[in-house]
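# Commentary on secondary and tertiary structure
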Amino acid sequence: MEKYIINGGNKLYGTMRVQTAKNAVLPILAAAVLTDGKVRLLDIPRITDVKNMVKILSCLGCDAVYEGENLTIDSSVADCYEIPSELAHELRSSVFLLGSVISRFHTAKIAYPGGCDIGLRPVDLHLTGLKRLGVEITEENGYIICKCDKLCGNEIMLDCPSVGATENIMLAAVKAEGTTVIQNAAREPEIEDLQRFLNRMGARVCGAGSGTIIIEGVKSLGGCEYHPIADRIEAGTFLVAAAMCGGEVTLEGASAENISSLLHKLRENGCKIRINGDKISLESHRRLTSVKSIETQPYPGFPTDLQAQFTALCCICRGHSIITENLFETRFKYAPELRKMGADITVINRNAFIRGVEKFKGATVVAHDLRGGAALVLAALAAEGRSEILDISHIDRGYGAFEYKLRSLGADIVRVSV
Ligand code: UD1
């Protein structure tokens, strides 16, 4: 077990490069199973979710090799269609493999997925979509078992625009017979990135980024080299850190368009933001003013994955805020921890009511999930005094070299074994 020790109060100054997006890399890794060719992925962060996905690919028989920051997957040798529970439980995204494993082997057996404990995370839309493509699905002893003679394209209307279900159906449909149309598809930038990657391998997918995605099945896919998009959630986390601590931080390799909902709100708070190509700079020199309310929404709305970090910021703004979480019901587990640091925050159902206080005070707090954990780190960086953040393995799931990057901006943060 490891923890962070943070001495708060330092302003942040400097430039940092944004990692490639965890939520783009994971489905792309799942998609690598669809080809016999080699896939070379550039600049892949060494975060736990990616490491676990690579472990799962190895368990399927794929060859996965890191050379520096690049990761090569050779799926020509894949020979197994089962993902055991000890691996699937560590990573919810293992469910994305259903689509590609069923496409490859016409059979798949995957233990029910794990991942962040942030409320019910059902997979009904994934399964209904796959059934529409001709997959027979049964459930046995915690395993989802899928079988089909062949996959056939079909029209699929999602009840809600689920990111994972959209991606899973895309993966199952790329080599299906005929055309698949996904209606009410999720519009997240990572879905567009998956489309770009699939098409680079020879697939015929269009429409990603809109609510309708059309996939014309192809017979086979080849290898390719690919650089996934920037991580908009990591970028947003560092911008909020700079807003909370004060100073001036520039992100390189970022996409302002993909976090425009956050940039909007940060400007409303009183931050000065400049955009120049793939660089985003944020300057903050005084106590910020609260935004009255924020609701998380599917893209292009305010992302649920930045809700915790932004809530931490609201806790030290001047004025009141109400934050509404519409996607995952238990995504306020970090709120009692923020209260230990002096925040005035009350959670009732899906809403957090906040009265801004002057400052956080250092405390010992526990990270319960990935983004909530990041929010506690930001609060500790902005706090007066010393904090300890326990259980940081949650944070390692999504932020590569987190403390190195923060230290390079002037933060006083160290990782210590417990
Ligand atoms: C993905 C992201 C996650 C992000 C989330 C929402 C990855 C690896 N993870 O998760 O970081 O927080 O999008 O932007 O990309 N739902 C159902 N039935 C289903 C599937 C989903 O009811 O079969 C519901 C969920 O309970 C939730 C909503 O749909 O309320 C959105 O979930 P979804 O978009 O599927 O999130 P994930 O793909 O799990």
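Structural data are supplied above this passage.
To start, this report covers the structure provided alongside it. What you see is a predicted model; the values in this text were computed from it and never measured.

For any two helices packed against each other, the geometry is given by the interaxial angle and the distance between the axes. Axis separation between helix H5 (residues 124-132) and helix H6 (residues 163-173) bottoms out at 8 Å; the angle between their running directions is 25°. Compared by their axis directions, H5 and H6 come out roughly parallel. In the crossing of H5 with H6, the sense of the turn from one axis to the other is right-handed. Contacts between H5 and H6 pair Leu 125, His 126, Gly 129 and Leu 130 from the former with Gly 164, Ala 165, Asn 168, Ile 169 and Ala 172 from the latter. Counted by class, the contact of H5 with H6 contains 5 nonpolar, 4 polar and no charged residues.

Right, let's talk about helix H1 (residues 22-31) for a bit. Counting buried residues along H1, 9 of its 10 residues qualify, which places the element largely inside the surrounding structure. Restricting attention to buried positions, one finds in H1 the residues Lys 22, Ala 24, Val 25, Leu 26, Pro 27, Ile 28, Leu 29, Ala 30 and Ala 31.

Right, let's get into the state of the cysteines. Using the criterion set out here, one finds 0 disulfides in the structure. Considering cysteine sulfurs only, Cys 148 is the nearest to Cys 146, which forms no disulfide, with 8.5 Å between them. Cys 146 gets classed as buried once you look at its relative accessible area, which sits at 1%. Left unpaired, Cys 245 is separated from the closest cysteine sulfur, that of Cys 271, by 12 Å. Classification of Cys 245 by relative accessible area gives buried; the value is 11%.

Attention now goes to the sheet that holds strand E23 (residues 386-390). One open sheet accounts for 4 strands, arranged E22-E23-E1-E24; its pairing is mixed. Both edges of this open sheet fall to strand E22 (364-366) and strand E24 (412-417), since each of them pairs with a single strand only. Taking each pair of neighbouring strands and ignoring which way they run, the sheet shows an average axis angle of 20°. Relative to E23, strand E1 (residues 2-7) runs antiparallel, the two sharing 4 bridges. Residue Asn 7 lies in a different strand from E23, and its bridge partner there is Arg 386.

Attention now goes to the site of the ligand. Looking at the ligand, there are 20 residues lining it, with Asp 124, Leu 125, Ser 162, Asp 305 and Leu 327 nearest. Separating an oxygen atom of the ligand from a backbone N or O atom of Leu 125 is a distance of 2.7 Å. Interatomic distance of 2.6 Å between a side-chain N/O atom of Ser 162 and an oxygen atom of the ligand. Within the complex, 86% of the 740 Å² of free accessible area of the ligand lies under protein. Mapped by element, the contributors of at least two residues to the shell around the ligand are H5 and H6. Counting residues per element, the shell around the ligand draws most heavily on H5, which supplies 3 residues. Classifying every residue of the shell around the ligand by side-chain character gives 9 nonpolar, 6 polar and 5 charged.

Rules and cut-offs
- Residues numbered from 1 in each chain as written.
- Predicted model: local features only at pLDDT ≥ 70, side-chain atom pairs only at ≥ 80, totals over all residues.
- Heavy atoms only, no water.
- Axes fitted to C-alpha atoms, helices over the stretch in contact; angles between N-to-C directions.
- Helix = DSSP H or I, 4+ residues; strand = E, 2+ residues; numbered from the N terminus.
- Parallel < 35°, antiparallel > 145°, perpendicular 65-115°, else oblique.
- Left-handed = near helix turned anticlockwise from the far one by under 90°.
- Contact = heavy atoms within 4.5 Å.
- Nonpolar A, V, L, I, M, F, W, Y, C, P; charged D, E, K, R; others polar.
- Buried < 20%, exposed > 50% of the residue type's maximum accessible area, 1.4 Å probe, protein only.
- Disulfide = S-S within 2.5 Å.
- Pairing = 2+ DSSP bridges.
- Near = heavy atom within 4 Å.
- Polar contact = N/O pair within 3.5 Å; in protein donor to acceptor, adjacent residues only side chain to side chain.
- Areas by Shrake-Rupley, 256 points an atom, 1.4 Å probe, with all protein chains shown as cover.

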